[in-house]
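# Fold and contact review
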Amino acid sequence: MSVLKICTKSFAASLGRQSERSLKKIYRISSSFRTFSTEGKLEYDLVVIGGGSGGLACAKEAVAQGARVAVLDYVQPSPRSTKWGLGGTCVNVGCIPKKLMHHASLLGEAIEDARSFGWRIPGNAEIDWLAMRDAVQDHIKSVNWVTRVSLRDNKIEYVNGRGHLADANTVVATLHNKKEVLLKTKNVVVAVGARPKYSTAIGAQELGISSDDIFSLEKPPGKTLVVGGGYIGLECAGFLNGFGYPSTVMLRSVPLRGFDQQMASMVVNEMEGRGVNFICKCVPESLSKTLDGRILVKWNTTPGASGGSGQGEDVFDTVLFAVGRKAVTDSLALDKAGVETHRETGKIFTTNEQTNVPNIFAVGDVLHRKPELTPVAVQAGRLLARRMFGNDKTLMDYDNVATTVFTPLEYGFVGLSEEESEKRHGPENLEVYHAFYKPTEFSIPQKDMSNCYIKVICLRKEPRTVLGMHFVGPNAGEVIQGFSAAMKCRITMEQLLDTIGIHPTVAEEFTRLTITKRSGMDPNPQACCS
Amino acid sequence: MAVHQYVNSLQELEAAIEQFQKISMQVSSTPSRHENTEHLINDFPIFIIVSGTKDKKGVSWCPDCEKADPVLEEAEQSLAPEPSAFITVYLTREEWKNPKNVFRTDGRFRLTSIPTMLKWPNREPKLVEAQCADIEAIKEFFDECCPQVQD
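It should be emphasised that the depicted structure is a prediction, and the values quoted were computed from it without experimental measurement.

## Notes on the overall build of chain B
- Along its length, chain B carries six helices and five strands.
- Listed by position from the N terminus, the elements making up chain B come as β-α-α-β-α-β-α-α-β-β-α.
- Going through the 151 residues of chain B one by one, you find that 50% of them count as buried.
- In chain B, 64% of the contacts between residues at least 6 apart in sequence involve partners at least 24 apart.
- Split by element, the accessible area of chain B, about 7100 Å² in all, is 50% carbon and sulfur.

This is the structure we're talking about:
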């Protein structure tokens, strides 16, 4: 039995009045600003511009050290009008949704593999894009909320506004309703991260999407062209292909530029084997709408390149640009404080996260020449806050940071690539151990193991310090993580080979390495347990 | 001003939601958008509170619900977006303790505790347990659910 506590007529009448005023919203500025006018000034020890991985870690640690802190966060809508909540790139349009979609994609494969293990599975597994997207977005929203609650619990002032500098000690926050709030502060940390670039092809911005949009796309992406061969492009093409959407990757030059190229080629081979189409050494020239609402893309050979797939055109449902990310420093008015940035990338020059202006610092993706990774931003932000407000003098160590590319067959590594090792030490001073291996679980479903490969680069001279460890295979992130701790301890080849493996795993392959590239012997696996 | 309905089951809840949506569509100032209810989610938010039934003395079997009651009432009066609708679902102790209770199992809710307040049809963000008695948390919740937009 329901109890109606309202009179429908009077309610409708009041709504009518409301609608006369065009459903005018009532502005509620967060409580702490209620006592301030637009000329109001607020005093802080630290204002962090950017509520992402780096900014929040820095803010929380600063508060723990006794500082009075405010965090500004604001998301400029993408060209497709996509927006999101507090937490930065990682939580909303990066690591988290990427890993979830990658996992969702692999689950589809697992369902098929299950049959060979005896599972009776009726029918064919098909992805419901909207159901998957909603599940992912729900999780993101719960993280947005937890982040927000956590800021409040930590007594950090949160301002949902766009920040810029008026001078080295004044941050101006522009709120949704265009009102401005001035925050006077002793220190500033810039942690605004970066946003996807678009190609200069005609129609790119109007018809293309980016990683900002893919994780909340309102309809299934269908036949997709991913422009860009970096990890974002490959990861997206990978999970889209896994969901059953025909995917093509267009590479301007090489895949995973700057990464170990031999490992990159394994990753690409695997994707090709799974049906991803690669267009090499080409750039898109134009995008245009077809009569039935799809996108016609015309491309040509990259200027100055030779070989490659050559000129062509095709029709797609979705075109995703993953051609690099630009630091969001343009609108910060950093020049008002004299902070130096890179002319092209917009990234900030820092030494130990300090800019050329003594009280202005930066962490995260906005830094010039530092790894663009969440754990790097978090650690750097935390250590910075301790140096600023605590007694700890520890500096951030950007070396030997492990990372993983979450393509269908994952690539995890820590340390130097073979190319970088050769550049720094010379090939004659290196020993490269390598092996192909066969994951036990791949045999029964007859999965392709031809790209399951590992490589360890070490110095030839005693104590044969390990310079780099590279792994292509399942669960690469889990496999490599522990080894990065070993690298931090400067593990030697002897110590690595002296380690007893866990059997049967794929990680144990690192302890079974015997073949070097120099020996010329066959790195393919012989028997299993010998 | 917010309006409030009180129901005792999922069917009644669904009926109440439909009722609110019909009313707001009738008076919506943009007739061209009648085909879908997307804009109503933000123009006319519906908040759902799942709580414990009260006994003859008006006391709930659920202590957190009891604590949250006056705070939620205050929040509805002074903090809720205007206009908005509230629907409180009252569950008996037996209903809620049952692991198969529809509010635990239905994909639209998947509640793990009461009281819970959420904005229809989202699962996140939501206020749970002690948060429902925390006026500051409720303020943040309304901010997150119904972000201020420019005129």
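Moving on from the model shown.
## Some points on the state of the cysteines
Residues and elements named next belong to chain A.
- Scanning the entire structure with this criterion turns up one disulfide over all chains.
- The closest cysteine sulfur to the non-disulfide-bonded Cys-236 is located on Cys-95, 12 Å from its own sulfur.
- No disulfide involves Cys-282; its sulfur sits 7.7 Å from that of Cys-280, the nearest cysteine.
- Among the residues examined, Cys-282 registers a relative accessible area of 2% and is labelled buried.

## Here's the deal with the confidence of the model for chain A
- Averaged over every residue, the pLDDT of chain A is 91; the share at 70 or more is 91%.
- Here residues 1-40 of chain A is a poorly scored stretch, pLDDT under 50, and it has 70 contacts once near neighbours within four places are set aside; other chains count.

## As for the environment of Val-159 of chain A
- Within the element layout of this structure, Val-159 of chain A appears in strand S4 (residues 157-159).
- The spatial distance from the C-alpha of Val-159 of chain A to the C-alpha of Gln-354 of chain A is 24 Å, given a sequence separation of 195 residues.

## Considering the domain arrangement of chain A
All names here are of chain A.
- One can read the domain layout of chain A as domain 1 (1-33), domain 2 (37-87 + 132-196 + 326-389), domain 3 (92-127), domain 4 (204-323) and domain 5 (409-512).
- When each unit is reduced to the centre of its C-alpha atoms, the spacing between domain 3 and domain 5 is 27 Å.
- In this assembly, domain 3 packs against domain 5 so that about 490 Å² is buried in total across both faces, 53% of it on carbon and sulfur atoms.
- Contact with domain 5 buries area across many residues of domain 3, yet Asp-113, Ser-116 and Phe-117 alone supply 66% of it, more than any other trio.
- Connecting domain 3 to domain 5 are two salt bridges.
- Residues Asp-113 and Lys-447 are paired through a salt bridge, measuring 2.6 Å at the closest nitrogen-oxygen approach.
- Here domain 3 and domain 5 share three residue pairs in polar contact (both at pLDDT 80 or more) between them.
- Its residues placed into classes, the side of domain 3 that touches domain 5 shows two nonpolar, two polar and two charged.

## Considerations on the sheet that holds strand S11 (residues 247-250) of chain A
All names here are of chain A.
- Taken together, five strands build an open sheet; the order of strands is S9-S16-S10-S11-S12 and the sheet is parallel. A single partner strand is all that each edge strand has here, and the edge strands are strand S9 (209-210) and strand S12 (277-279).
- Examined bridge by bridge, S11 and S12 share three bridges and lie parallel to one another. What sits directly across from Met-250, in S12, is Ile-279.
- Where helix H8 (residues 231-243) meets the sheet, it contacts strand S10 (224-227), S11, S12 and strand S16 (318-321), and its direction lies at approximately 165° from that of S11.

## Some words on unusual backbone geometry
All names here are of chain A.
- In the segment running from Glu-462 into Pro-463, the intervening peptide bond is cis, with an omega of 5°.
- Tracing the backbone through its elements, the reader meets Pro-463 in the loop between strand S22 (453-459) and strand S23 (466-473).
- Although it is not a glycine, Glu-353 sits at a positive phi angle of roughly 65°.
- Examined against the element boundaries, Glu-353 turns out to sit in the loop between strand S17 (325-327) and strand S18 (360-362).

## Regarding the nonpolar core
- Core analysis: the largest hydrophobic core is formed by 67 residues, its most contacted members being Trp-129, Ile-214, Tyr-411, Met-469, Phe-471 and Phe-510 of chain A.
- Not counting chain neighbours up to four residues away, the residues in contact with Tyr-411 of chain A comprise Leu-256, Phe-259, Asp-260, Met-263, Val-267, Thr-403, Thr-404, Val-405, His-470, Phe-471, Val-472 and Ala-476 of chain A.

## Topic: the packing of aromatic side chains
All names here are of chain A.
- The full count for this structure, using the stated rule, is 21 aromatic pairs over all chains.
- Seen in terms of ring centroids, Tyr-437 and Phe-471 are 5.6 Å apart; in terms of plane orientation they differ by 20°. Their pairing is stacked. Here Tyr-437, found in the loop between strand S21 (430-436) and helix H12 (440-443), pairs with Phe-471, found in strand S23; they are 34 residues apart in sequence, far enough to count as distant. By the burial criterion, Tyr-437 is buried, and Phe-471 matches it.
- A cation over a ring is seen here: Lys-223 above Phe-316, with NZ or CZ 5.0 Å from the ring centre.
- One residue, Lys-447, lies across the ring of Phe-442, its end atom 5.3 Å from the ring centre.

## As for the pairing of strand S3 (residues 84-91) of chain B
Residue and element names in this part refer to chain B.
- When you tally the buried positions in S3, you get eight out of eight residues, the bulk of the element.
- The side-chain alternation of S3 yields two buried faces, one formed by Ser-84, Phe-86, Thr-88 and Tyr-90 and the other by Ala-85, Ile-87, Val-89 and Leu-91.
- Sheet analysis places strand S2 (residues 46-52) next to S3, joined by seven bridges and oriented parallel. Looking at the pairing, Gly-52 lines up with Leu-91 of S3.
- Assessed by its sense of winding, the connection that carries the chain from S2 through helix H3 (residues 63-78) to S3 is right-handed.

## Some points on helix H2 (residues 53-64) of chain A
Residue and element names in this part refer to chain A.
- Under the 1.5 Å per step criterion, the end-to-end length of H2 is 17 Å for 12 residues, consistent within 8% with the ideal 16 Å.
- Counting buried positions along H2 gives 10 out of 12 residues, so the element sits mostly inside the fold.
- When H2 is considered as a whole, its buried residues turn out to be Ser-53, Gly-54, Gly-55, Leu-56, Ala-57, Cys-58, Ala-59, Glu-61, Ala-62 and Val-63.
- The first or second residue beyond H2 is Gly-66, which carries a positive phi of 100°.

## Observations regarding the UniProt feature "domain: Pyridine nucleotide-disulphide oxidoreductase dimerisation" (unreviewed entry) in chain A
- The sites that UniProt annotates as "domain: Pyridine nucleotide-disulphide oxidoreductase dimerisation" (unreviewed entry) are residues 401-512 of chain A.
- The span residues 401-512 of chain A is 28% helical and 28% strand by assignment, and the distance between its end C-alpha atoms comes to 24 Å.

## Details of the packing of H3 of chain B against helix H6 (residues 135-145) of chain B
Residues and elements named next belong to chain B.
- In the contact formed by H3 and H6, the axes pass within 10 Å of each other and the chain directions differ by 45°. Considering the angle they form, H3 stands oblique to H6. Between H3 and H6 the crossing geometry is right-handed. Every residue of H6 that contacts H3 at Val-71, Leu-72, Glu-74 and Ala-75 is listed here: Ile-135, Ile-138 and Phe-142.
- A class-by-class count of the residues in the contact of H3 with H6 yields six nonpolar, no polar and one charged.

## Some points on the pattern of salt bridges
Residue and element names in this part refer to chain A.
- Enumeration according to the criterion identifies 39 salt bridges over all chains in this entry.
- For the salt bridge of Glu-109 with Arg-274, the shortest nitrogen-to-oxygen distance reads 2.8 Å. On the criterion of sequence distance, the pair formed by Glu-109 in helix H4 (residues 95-116) and Arg-274 in the loop between helix H9 (261-273) and S12 is long-range, its members being 165 residues apart.
- Looking at Arg-274, the relative accessible area reads 29%, which means it is partly exposed.
- Taking the shortest distance from any N to any O, the salt bridge between Lys-447 and Glu-109 comes out at 2.5 Å. Here Lys-447, found in the loop between H12 and S22, pairs with Glu-109, found in helix H4; they are 338 residues apart in sequence, far enough to count as distant.

## A closer look at the packing of H2 of chain A against helix H10 (residues 374-389) of chain A
Residues and elements named next belong to chain A.
- H10 packs onto H2 with a crossing angle of 30° between their chain directions and a minimal axis gap of 7 Å. By the criterion of interaxial angle, the relationship of H2 to H10 is roughly parallel. For the crossing formed where H2 meets H10, the hand is right-handed. Every residue of H10 that contacts H2 at Ser-53, Gly-54, Ala-57, Cys-58, Glu-61 and Ala-62 is listed here: Thr-374, Ala-377, Val-378, Gly-381, Arg-382, Leu-384, Ala-385, Arg-386 and Phe-389.
- Per-class residue counts for the contact of H2 with H10 are eight nonpolar, four polar and three charged.

Procedures and definitions
- Residues numbered from 1 in each chain as written.
- Chains lettered and ligands numbered in written order.
- Predicted model: local features only at pLDDT ≥ 70, side-chain atom pairs only at ≥ 80, totals over all residues.
- Heavy atoms only, no water.
- Helix = DSSP H or I, 4+ residues; strand = E, 2+ residues; numbered from the N terminus.
- Buried < 20%, exposed > 50% of the residue type's maximum accessible area, 1.4 Å probe, protein only.
- Contact = heavy atoms within 4.5 Å.
- Areas by Shrake-Rupley, 256 points an atom, 1.4 Å probe, with all protein chains shown as cover.
- Disulfide = S-S within 2.5 Å.
- pLDDT = per-residue confidence, 0-100.
- Domains from an automatic or database assignment.
- Buried area = accessible area lost by both parts, 1.4 Å probe.
- Salt bridge = Lys/Arg side-chain N within 4 Å of Asp/Glu carboxyl O.
- Polar contact = N/O pair within 3.5 Å; in protein donor to acceptor, adjacent residues only side chain to side chain.
- Nonpolar A, V, L, I, M, F, W, Y, C, P; charged D, E, K, R; others polar.
- Pairing = 2+ DSSP bridges.
- Axes fitted to C-alpha atoms, helices over the stretch in contact; angles between N-to-C directions.
- Core = buried A, V, L, I, M, F, W, Y, C linked by side-chain atoms within 4.5 Å.
- Phe/Tyr/Trp six-rings, centres within 6.5 Å; stacked < 30°, edge-to-face > 60°.
- Lys NZ or Arg CZ within 6 Å of the ring centre and 35° of its normal.
- Right-handed = clockwise from strand over helix to strand, strands pointing away.
- Expected span 1.5 Å × (residues − 1).
- UniProt positions renumbered as here; feature names shortened; annotations may be inferred.
- Parallel < 35°, antiparallel > 145°, perpendicular 65-115°, else oblique.
- Left-handed = near helix turned anticlockwise from the far one by under 90°.

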